[in-house]
Amino acid sequence: MRQIFLDTETTGLSADNGDRIIEIGCVELFKRKLTGNNKHFYLNPGRESHEEALRVHGITSEFLKDKPKFEAVVDELLAYVKNAEIIIHNAPFDLGFLNKELALLGRPRFRECVTSVTDTLVMAKEMFPGKRNSLNALCDRLGVDNSGRALHGALLDAELLADVYINLTRGQDALLMDAGAPETQGPQLVQIDLSRIALPVLAANDQEVAAHDEILKQIDKACGNKTVWRKLA
């Protein structure tokens, strides 16, 4: 199963109120290894970012003015995510924006274009109830290096999410690029014939037998002379 870790940056928080996607980052895993077959788009949203959003991602309208619109990359994006499990942190947010962009073009909703969608925020809340489960908090908790995340960025956040997901699901500390090397085999079971091994039998000496009997008497007394060995005697 191909797994695609996806993240978006937007002009604001509400797709229904006209905010648009300005960046999409996708990172591919196959057989739980990074492939390097990633996708990254900057998009011209046709509007300004809210000041609060700009402080989060730092992507200015000046930078985006010569970038393509969503409609110019939608076919490439949908072909890339087809037949893959899509993994998103706080999926309703990103799906809301993707669905709005697709609806404006008369396209089906995003879930209809992929195999499935997994929300790592839901996973994290189940594993760490009552704790902070933002991407930064999970990186800190799971030992994922997010020192390069001064600002939010879709591709960087997708890469961090991939590492977080591996830690959540298998406890692996880091991801390795698949260089095409054959997978090493797991540990092999070795059968050893023990039938010819004579194990020494050490009998208790008189002092040890007496100490054992004394312990049994004390236990029997504490149980009101109702211990199992007295009943069976």
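Scroll up to find the structure.
Because the structure is a prediction, the values reported are computed rather than measured.

*Asks:* Which parts of the structure should I look at to understand the overall build of the protein chain?
*Replies:* When helices and strands are counted, the protein chain shows 9 helices and 6 strands. Looking at the protein chain residue by residue over its 233 residues, the buried ones come to 38%. Taking contacts inside the protein chain between residues at least 6 apart in sequence as the whole, the part at least 24 apart equals 65%. Element-wise, carbon and sulfur atoms account for 54% of the exposed surface of the protein chain, whose accessible area totals about 14,800 Å².

*Asks:* Would you mind showing me how to read the nonpolar core here?
*Replies:* The tendency in soluble globular proteins is for nonpolar side chains to be buried side by side. Counting 27 residues, the largest nonpolar core has Ile24, Ile86 and Phe110 as the members making the most contacts within it. Secondary structure elements with two or more residues in this core: strand 1 (2-10), strand 2 (21-30), helix 3 (70-81), strand 5 (84-88) and helix 4 (91-104). Of all hydrophobic cores here, the second largest spans 21 residues; its members include Phe128, Val144, Ala162 and Leu168.

*Asks:* Looking at this model, I keep getting lost on the side chain of His89. Mind explaining?
*Replies:* Along the chain, His89 falls in the loop between strand 5 and helix 4. On the basis of relative accessibility, which here comes to 15%, the residue His89 falls in the buried class. Within the structure, the side chain of His89 is placed 2.8 Å from the side chain of Thr120, a separation counted as a polar contact. Beyond its immediate stretch of four places on either side in the chain, His89 contacts Asp94, Asp119, Thr120, Leu121, Asn133, Ser134, Leu135, Leu138 and Leu161.

*Asks:* I would appreciate a short explanation of helix 7 (residues 154-170) in the present structure.
*Replies:* Along an α-helix, a turn takes 3.6 residues, which lines up residues three or four apart on a common side. The first and last C-alpha atoms of helix 7 sit 24 Å apart over 17 residues, in line with the 24 Å expected at 1.5 Å per residue. Summarising the contacts, the buried residues of helix 7 are in contact with strand 1, strand 2, strand 5, helix 5 (120-127) and helix 6 (135-142).

Thresholds applied
Residues numbered from 1 in each chain as written. Predicted model: local features only at pLDDT ≥ 70, side-chain atom pairs only at ≥ 80, totals over all residues. Heavy atoms only, no water. Helix = DSSP H or I, 4+ residues; strand = E, 2+ residues; numbered from the N terminus. Buried < 20%, exposed > 50% of the residue type's maximum accessible area, 1.4 Å probe, protein only. Contact = heavy atoms within 4.5 Å. Areas by Shrake-Rupley, 256 points an atom, 1.4 Å probe, with all protein chains shown as cover. Core = buried A, V, L, I, M, F, W, Y, C linked by side-chain atoms within 4.5 Å. Polar contact = N/O pair within 3.5 Å; in protein donor to acceptor, adjacent residues only side chain to side chain. Expected span 1.5 Å × (residues − 1).

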